[in-house]
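One letter stands for each residue in the lines below.
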Amino acid sequence: MFKRQKVYLLLVFSVSFFACKKTDVVGGKDYSTLGSSAHDLLASSYSSLEIQIQYMPGYQPDHQSTDNFKNFLGQYLNKPNGISIIEQQIPSDGKSILSVNEVVALEKKYRTVFTNNHQIAVYILITDGISDKSDIFGSAYWNTSICLFGKTISNNSGTVGHISQSQLLTVLFEHEFGHLLGLVNQGSPMQTNHQDVSDGAHCINKNCLMYYEIEIEAISPTSSLPSLDANCVADLKANGGK
């Protein structure tokens, strides 16, 4: 889960990542416990990955953030037949505040890409509202499901003193997908103990993408963004990743 904590001065934007709770649900290969498909996403047992991004009007992700996201996945996932991202606009549901249950209902109404045969699928919903926990940017809630709250993202990016929207979307895509990949200790077993137990499934390294709180200087579009540290990469490799 991705949660904003506070803003430091004018040029530093501070965001916090909080653990995504495991949720047991009855369903097929795509409606299961968070982290349970980590190996399938990482290894070549499924030879390709298709990501369906559905967004509400006004919240289509920019090409730079999706390109960054795809390149990130290419570094760690063994998918010899490729990784593809398809985008589709869906109607607004007219709600300014959304609960997890309402997000789930939207996914079940509009999702059309599912895991089958040799292809594993991931669904990402970008809403035009905010979470009922108002400072939440996004959450990975099932084994192949992520929701980003577009209004919250828009309100906290792209202006003086804030990270650019492209940068924020990049961090969100990568961090939440990291939870689908079982980080930290939630589907991809740790090779070395690096879990921040007090903050759930997050890394103890303050410079890691999977740390629960990350400060990002918003001084230019080329500012360095957080990446996975050596311990997180080792966990992914041990669970079938590159």
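Residues numbered from 1 in each chain as written. Predicted model: local features only at pLDDT ≥ 70, side-chain atom pairs only at ≥ 80, totals over all residues. Heavy atoms only, no water.

Once that is clear, we can look at the pairing of strand β8 (residues 136-142). With seven of its seven residues buried, β8 lies for the most part within the structure. In this sheet, strand β9 (residues 145-149) lies alongside β8 in antiparallel orientation, the contact comprising four bridges. When the bridges of β9 are listed, glycine 138 appears paired with leucine 148. Between the antiparallel neighbours β8 and β9 lie two residues. (Buried < 20%, exposed > 50% of the residue type's maximum accessible area, 1.4 Å probe, protein only. Helix = DSSP H or I, 4+ residues; strand = E, 2+ residues; numbered from the N terminus. Pairing = 2+ DSSP bridges.)

Right, let's get into the nonpolar core. Core analysis: the largest hydrophobic core is formed by 43 residues, its most contacted members being Leu49, Ile124, Phe177 and Leu228. Mapped onto this core, the elements with two or more residues apiece are α1 (38-42), β3 (48-55), α2 (63-76), β6 (119-127), β8, β9, α5 (165-180) and α6 (230-238). Here this core gets seven residues from one element, more than from any other, and that element is α5. (Core = buried A, V, L, I, M, F, W, Y, C linked by side-chain atoms within 4.5 Å.)

Turning our attention to empty space enclosed by the protein. Going through the model one piece at a time under the given rule, you end up with one cavity of 30 Å³ or more. In this structure, the largest cavity occupies an estimated 40 Å³ of space. If you go around the largest cavity, the residues you meet are Tyr59, Ile126, Gly150, Ile153, Gln165 and Leu169. When contributions to the lining of the largest cavity are tallied by element, the ones reaching two or more residues are α4 (150-155) and α5. In terms of residue class, the lining of the largest cavity is built from four nonpolar, two polar and no charged. (1 Å grid on protein atoms, 1.4 Å probe; cavity = no way out; pocket = protein on both sides within 12 Å on 5 of 7 lines; lining within 4 Å. Points joined across faces, edges and corners; volume = space filled by probe spheres on them. Nonpolar A, V, L, I, M, F, W, Y, C, P; charged D, E, K, R; others polar.)

A separate point is the environment of serine 32. Position of serine 32 relative to the elements: it lies in the loop between β2 (12-17) and α1. Residue class for serine 32 comes out partly exposed when judged on its relative accessible area of 23%. Counting along the chain gives 111 residues from serine 32 to asparagine 143, while the straight-line C-alpha distance between them is 5.4 Å. Polar contacts involving the side chain of serine 32 include one to the side chain of serine 36, which spans 3.5 Å. (Polar contact = N/O pair within 3.5 Å; in protein donor to acceptor, adjacent residues only side chain to side chain.)

All right, on to the side chain of asparagine 239 then. Turning to its location among the elements, asparagine 239 is positioned in the segment after α6. Sequence-distant contacts of asparagine 239, that is, excluding residues within four places in its chain, are made with Ala38, His39, Leu42, Gly187 and Ser188. (Contact = heavy atoms within 4.5 Å.)

Moving on to the confidence of the model for the protein. Mean pLDDT over the protein works out to 87, with 84% of the residues at or above the 70 mark. Note that pLDDT drops below 50 for residues 4-27; the model gives that stretch 95 contacts with residues more than four away or on any other chain. (pLDDT = per-residue confidence, 0-100.)

All told, the structure shown has seven aromatic pairs when counted by the stated rule. Where phenylalanine 72 meets tyrosine 76, the ring centres are 5.3 Å apart and the plane angle is 65°; that geometry is what we call edge-to-face. One end of the pair is phenylalanine 72 and the other is tyrosine 76, both in helix α2 and four residues apart, which spans about a single turn. Look at phenylalanine 72 and you get buried, because its relative accessible area is 5%. Three or more aromatic residues link up through ring pairs in this structure, and these residues are Tyr31, Phe114, Tyr141 and Trp142. (Phe/Tyr/Trp six-rings, centres within 6.5 Å; stacked < 30°, edge-to-face > 60°.)

On to unusual backbone geometry, then. Put simply, leucine 183 and valine 184 share a cis peptide bond, and its omega is -10°. Even without glycine at this site, asparagine 117 takes up a positive phi of about 50°. By the element assignment, asparagine 117 lies in the loop between α3 (100-110) and β6. Not every positive phi belongs to a glycine, and asparagine 185 is a case in point at roughly 65°. Along the chain, the position of asparagine 185 falls in the loop between α5 and β10 (213-217).

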